[in-house]
Amino acid sequence: MSVPLTFDGKVVLVTGAGGGLGREYALAFGQRGASVVVNDLGGNAKGEGKNSAAADKVVEEIKAKGGKAVANYDSVEDGDKLIQSALDAFGRIDIVINNAGILRDRSFGRLSELDWDLIHRVHLRGSFNVTRAAWNHMKKQKFGRIIMTCSAAGIYGNFGQANYSAAKLGLLGLSNTLAIEGRALNIHCNTIAPIANSRLTQNIMPADLLETLKPEYVSPLVLWLCHEQCEENGALFEVGAGWIGKLRWERSLGHVLLQKDHQMSPEAVRDQWGNICDFKDSTHPNTINESLSMLSMLNKEKAEDGLVANPTASLGHNPALAVGYNFPDHTFSYTEMQCILYALGVGMSTKDPDHLRFLYEGHENFACLPTFGVIISQAAVMDSGLTNIPGLDINPTQVLHGEHYLKCFQPLPTSGTLISKASVLDILDKGSGAVIIINVRTYQGQRLVCSNQWSVFVVGAGGFGGKKSSPHTENTASPPNRAPDAVVVESTTKEQAALYRLSGDRNPLHIDPNFSAMGGFKDPILHGLCSFGFASRHILKQYGNNDPARFCAIKVRFVKPVLPGQALQTEMWKEGNRVHFQCKVKETGNLTLSGGYVDLYEDQTSNLKSLQPAADLQSNLVFAEIGRRIQDSGPALVEKVKGLFAWEITQDGKTAAQWTIDLKNGAGALHEGPYSGKADVTITVSDADFMALVQGKVNPQQAFMAGKLKIKGNIMLGQKLDIILKDFAKM
Ligand code: NAI
């Protein structure tokens, strides 16, 4: 059974609650535990006269049912007096229902200024005054729910209601902006366009229709929108007769009239009218940014056409200039202290004995967490400035980290000086934003240590006509369709973001409440890469024996933010050497990291075992040497070869040994024995012919032609045998 929604401890003001819809809301709130201020001026439907009886009667009704209520008889034009009533009687104000209203219907030609002004004063100015008086109280308590009452007359227009429809749609505009300004303060503002039987509708609708339009069919929506559990904000609903529907804007794809050979002209508009108004391929812009993304597309088209008189060029992108851009090389020097600070930042603690090797530089196995690799690459991207990428005009406040991929080619040194080389790999157009794909390769001397792929989402910068996906990106992967194989839950601390930021990402969004409020968040949020660090070490511990050398790669998509102090729940599915994972916020169940996976390297100890020669074959020595070479420079060999080779070494016509050289996955590996999966190429050769080959007495092509070397599968890979076998001639 679902839990009933209650309003205990909440104080609600309902304006115009002496009758009609307002009365119904007041009764419903009173019944569900709220303290209610019942406001009504008590005039007639045209706004003439005043009377306290209407409000008093509703207060009596609420009290009779055991509720708490006081009356207020002021006009909504004196908004602060209404709020003062709430403060005097109950000490706070949580919820404001702007409902009071009158009608002064006249066809437009006969509409007087008084008709216009009175309607605006009660509906628009009244709602403004009441809401403004409540706003700062809501802001301080970081909670507020506001309802504006619009009308179908405003949304669609209605004969004889020019004054009323203008004021009613004005309320929607007011609500849209309050929703944006209030979002970070947990103040939500929504708008309803009700239809109900009341004195306002009695003379304009048939009696049998009015019978189906009970005010009590509207109040459930109002109560839900005002409940603290409801996240809806900035929305518009039509409601009546037991039905509720949500409204949104729809925009035609439209048509670009200004083109190289076509000037804007009224004739061009006439001629393209069908295209301009065609709703095929329409869109539903939901924010100003989404709406403006259309302009950025136009700017690009204009720029390409050489029509450069372009006042909004700042929204334009020219991927042709940006893709391939190399950031200046970045040098990152660090000591053990930064590794330890990072480990603390991603939640390691001396409480767990397993963590000591990452927290104490004197530990015999002291190591750096593999995900510290993101810190090194971040400096390369951020210090050089996203805003310096040619061809892109990025508003830094609109930048989000969309996805991340990190691959380690060897365990990160615990101190040293590393050089990172970053470049723009691709720019994608996701409509609501642009995605910049940046690759960063980090070297220690000549050795590739790690590479990162950043997917940076720039809100509102899409719609420039670019491609939607790239063959160069590392993609997320869905977890298998079964319950997770392992789940680890761990709390972050209140100080987690404050600690994590010391590793490099000093964005005030993660510590300064004013700044996070501007970004639309209730409280400063945890860095996505901090949750990423938590999740990756959960996996390394669960499946990699906490050994950084086992860590090959990680990919995630950042979904929803985490607040410092919340617990992270990492759910894992092991599939071979890949561990799929996702991360949730324990308290809310919200997914925070999705589509993730960690690839693990084979256990090094079993690798070493495989390097012991098996039988008494000369080739065993060569394979042992190949194994050592893979350990030294596997990543470089993988880059060059990209293939998985199965070897059958024969002696006296029989298989004497089997080897697998994996120069396709991770940092490369050598295994003794048959390969369990499908190799790219299987090579069969006798021990003696193999030695002739590696000693350069015969080359692979000659051996193949002479039938001494059999190659099955991808024969082209046979050409890369030289890379594997070279340099053994001197043995
Ligand atoms: P109603 O006339 O029964 O209720 C409006 C209440 O507002 C009255 O009790 C009136 O005394 C009070 N009021 C008027 N001016 C005031 C002022 N200056 N200060 C304080 N109180 C004042 O009408 P109904 O139908 O319940 O309307 C409620 C709201 O819903 C109004 O804003 C109306 O425009 C809107 N609406 C109603 C529709 C319907 O089908 N009933 C359709 C669309 C919108």
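All of these numbers come straight from a predicted model, not from anything done at the bench.

Time to look at the side chain of Ser594. Within the secondary structure, Ser594 is located in strand β18 (residues 591–600). We classify Ser594 as buried; its relative accessible area is 12%. When neighbours within four sequence positions are excluded, Ser594 is seen to be in contact with Thr476, Val556, Arg557, Val559 and Gln582.

The strand order β3-β2-β1-β4-β5-β6-β7-β8 describes an open sheet built from eight strands, whose pairing is mixed. Looking at the sheet topology across the chains shown, the edges are occupied by β3 (68–72) and β8 (243–247). In this sheet, neighbouring strand axes are inclined to one another by 20 degrees on average, regardless of whether the strands run parallel or antiparallel. Bridging between strand β4 (residues 95–97) and strand β5 (residues 144–149) involves three bridges; their strand directions are parallel. Opposite Ile97, over in β5, you have Ile147 as the bridge partner.

Before going further, it helps to examine the environment of Ile97. Take Ile97: it is sitting in strand β4. Judged by its relative accessible area of 0%, Ile97 falls in the buried class. Placed 484 residues apart in sequence, Ile97 and Phe581 show a C-alpha to C-alpha distance of 44 Å. Apart from the residues within four sequence positions on either side, Ile97 is in contact with Val12, Leu13, Val14, Thr15, Tyr25, Phe29, Ile147, Val222 and Cys226.

Now for the side chain of Gln569. Relative to the helices and strands, Gln569 resides in strand β16 (residues 567–575). In this structure Gln569 comes out as buried when scored by relative accessible area, which is 16%. A polar side-chain atom of Gln569 sits 2.9 Å from a polar atom in the side chain of Glu571. With near-sequence residues (within four places) excluded, Gln569 lies in contact with Val487, Val488, Val489, Gln582, Cys583, Lys584 and Lys586.

Compared with the 16 Å implied by 1.5 Å per residue over twelve residues, the 17 Å span of helix α3 (residues 79–90) between its first and last C-alpha is a close match. Among the residues of α3, those classed as buried are Gly79, Leu82, Ile83, Ser85 and Ala86. For α3, the angular spread of the buried residues around the axis is 145 degrees, confining them to a single face. Of the exposed residues in α3, those oriented more than 90 degrees away from the buried face are Asp80 and Asp88. Summarising the contacts, the buried residues of α3 are in contact with β1 (11–14), β2 (35–39), β3, β4 and α4 (113–141). One or two steps after α3, the chain reaches Gly91, where phi turns positive at roughly 85 degrees.

Where charged atoms of side chains with opposite charge meet at close range, the side chains can pair. Scanning the entire structure with this criterion turns up 24 salt bridges. We note a salt bridge from Arg104 to Asp115, for which the minimum N-O separation is 3.0 Å. A residue pair is termed long-range when its members are at least 10 positions apart, and Arg104 in the loop between β4 and α4 and Asp115 in helix α4 qualify at eleven residues. The same class applies to Arg104 as to Asp115, namely buried. The closest approach of N and O atoms between Glu639 and Arg441, which form a salt bridge, is 3.5 Å. Remark: Arg441 occurs in strand β12 (residues 433–444) and Glu639 occurs in helix α20 (residues 618–641); sequence separation between them is 198 residues. Overall, the relative accessible area of 28% leaves Arg441 in the partly exposed class. One connected set of salt bridges, linked through shared partners, spans Glu48, Arg104, Arg106 and Asp115.

In the sheet, strand β19 (residues 643–651) pairs with strand β20 (residues 654–663) via nine bridges, with the strands oriented antiparallel. Across the sheet, residue Trp647 finds its bridge partner in β20, namely Trp659. The turn joining β19 and β20, which pair antiparallel and follow one another in sequence, is formed by two residues; a positive phi near 55 degrees is taken by Asp652. What sits between β20 and strand β21 (residues 669–672) in their antiparallel hairpin is a turn of five residues, with Gly666 showing a positive phi close to 50 degrees.

The subject of this paragraph is the confidence of the model for the protein. Note: predicted coordinates in regions of low pLDDT should not be interpreted at a detailed level. Here the protein shows a mean pLDDT of 88. Residues at 70 or above account for 92%. pLDDT under 50 marks residues 299–315. Its contacts with residues more than four places away, or in other chains, come to 19 contacts. Contacts from residues 606–614, a stretch scored under 50 in pLDDT, to residues over four places away or in other chains number 16 contacts.

Near the ligand, the surroundings consist of 30 residues, among which Leu21, Asp40, Asn99, Tyr164 and Ser198 are the closest. The contact in question runs from a nitrogen atom of the ligand to an N or O atom on the backbone of Val76, over 3.1 Å. At 2.9 Å from an oxygen atom of the ligand is found a side-chain nitrogen or oxygen belonging to Arg199. A total of 820 Å² of accessible area belongs to the ligand in isolation, and the protein chains cover 95% of it. Of all the elements in the fold, those that place two or more residues in the shell around the ligand are α1 (20–31), α4 and α6 (162–182).

Counting 72 residues, the largest nonpolar core has Phe327, Phe372, Val381, Ile389, Ile436, Ile438 and Phe581 as its most contacted members. If one sorts the elements of this core by residue count, helix α18 (residues 528–544) sits on top with eight residues. Apart from residues lying up to four places away in sequence, Ile389 is in contact with Ala322, Tyr325, Phe327, Val424 and Ile436. Membership of the second largest hydrophobic core comes to 34 residues, among which are Ala55, Val59, Ala69 and Leu225.

This part takes up the sheet that holds strand β14 (residues 486–491). Taken together, the ten strands give an open sheet; going across it, the order is β9-β11-β12-β13-β10-β15-β18-β17-β16-β14, and neighbouring strands pair in antiparallel fashion. Pairing within the sheet leaves two strands with one partner each, and these edge strands are β9 (330–334) and β14. Neighbour-to-neighbour, the strand axes of the sheet open up by a mean angle of 20 degrees, direction not taken into account. Looking at chain direction, β16 and strand β17 (residues 578–585) are connected through eight bridges and run antiparallel. Its bridge partner lying in β17, Trp573 is registered against His580. Sitting on the sheet, α18 touches β10 (399–408), β13 (447–459), β14, β15 (551–558), β16, β17 and β18, and the angle it makes with β16 is about 45 degrees.

What follows concerns a nonpolar patch on the surface. Taken together, the side chains of Phe704, Met705 and Ile715 define a hydrophobic patch exposed on the protein surface, amounting to about 320 Å² of accessible area. Here Phe704 shows up in helix α22 (residues 700–705). Residue classification places Phe704 among the partly exposed positions, given a relative accessible area of 35%.

Here the focus is the pairing of β17. The side chains of a regular strand alternate between both faces of the sheet. Of all eight residues making up β17, six are buried, and the element is well covered by its neighbours. Summarising the sheet, β17 and β18 pair through six bridges and their orientation is antiparallel. Bridge assignment links Val579 to a residue of β18, and that residue is Val598. Counting the residues between successive antiparallel strands, the hairpin from β17 to β18 contains five residues, one of them, Gly589, with a positive phi of roughly 75 degrees.

Parameters at a glance
For every chain, the first residue of its written sequence is number 1, and the numbers climb from 1 along that sequence. Given that the model is predicted, a residue must reach a pLDDT of at least 70 before its local features are reported, and side-chain atom pairs must reach 80 or more before they are shown or counted; all residues, however, enter totals for whole chains, interfaces and linings. As a convention, hydrogens and water are excluded, and side-chain values are obtained from all of the structure's heavy atoms. Helix and strand assignments follow DSSP, with helices taken as H or I runs no shorter than four residues and strands as E runs no shorter than two, numbered in order from the N terminus. Using a 1.4 Å probe on the protein chains alone, a residue whose accessible area is under 20% of its type maximum counts as buried, one over 50% counts as exposed, and one in between counts as partly exposed. Any two residues whose heavy atoms approach within 4.5 Å at even a single point are treated as in contact. Being paired, for any two strands, means DSSP has found at least two bridges between them. To get an axis, a line is fitted to the C-alpha atoms, and for a helix only the part in contact is used. The angle between two axes follows their N-to-C directions and goes from 0 to 180 degrees. Under this definition, polar contacts are N or O atom pairs within 3.5 Å; protein pairs additionally need one hydrogen-donor-capable and one acceptor-capable atom, and for neighbouring residues in sequence, both atoms have to be side-chain atoms. To estimate how far a helix should extend, the number of its residues minus one is multiplied by 1.5 Å. Summarising the geometry, the arc corresponds to the directions from the helix axis toward the C-beta atoms. For this document, the term salt bridge refers to a Lys or Arg side-chain nitrogen within 4 Å of an Asp or Glu carboxyl oxygen. By definition, pLDDT measures how confident the predictor is in each residue, and it falls between 0 and 100. When we say a residue is near a molecule or strand, we mean one of its heavy atoms is within 4 Å of it. Every accessible area reported is derived by Shrake-Rupley at a probe size of 1.4 Å, with residue values counting cover from the shown protein chains alone. As used in this record, nonpolar core signifies buried Ala, Val, Leu, Ile, Met, Phe, Trp, Tyr and Cys residues forming a set joined through side-chain atoms within 4.5 Å. Patch rule: a residue counts if its relative accessible area is over 30% and it has no salt bridge; like charges are joined within 9 Å, and nonpolar side chains (Val, Leu, Ile, Met, Phe, Trp, Tyr) within 5 Å.

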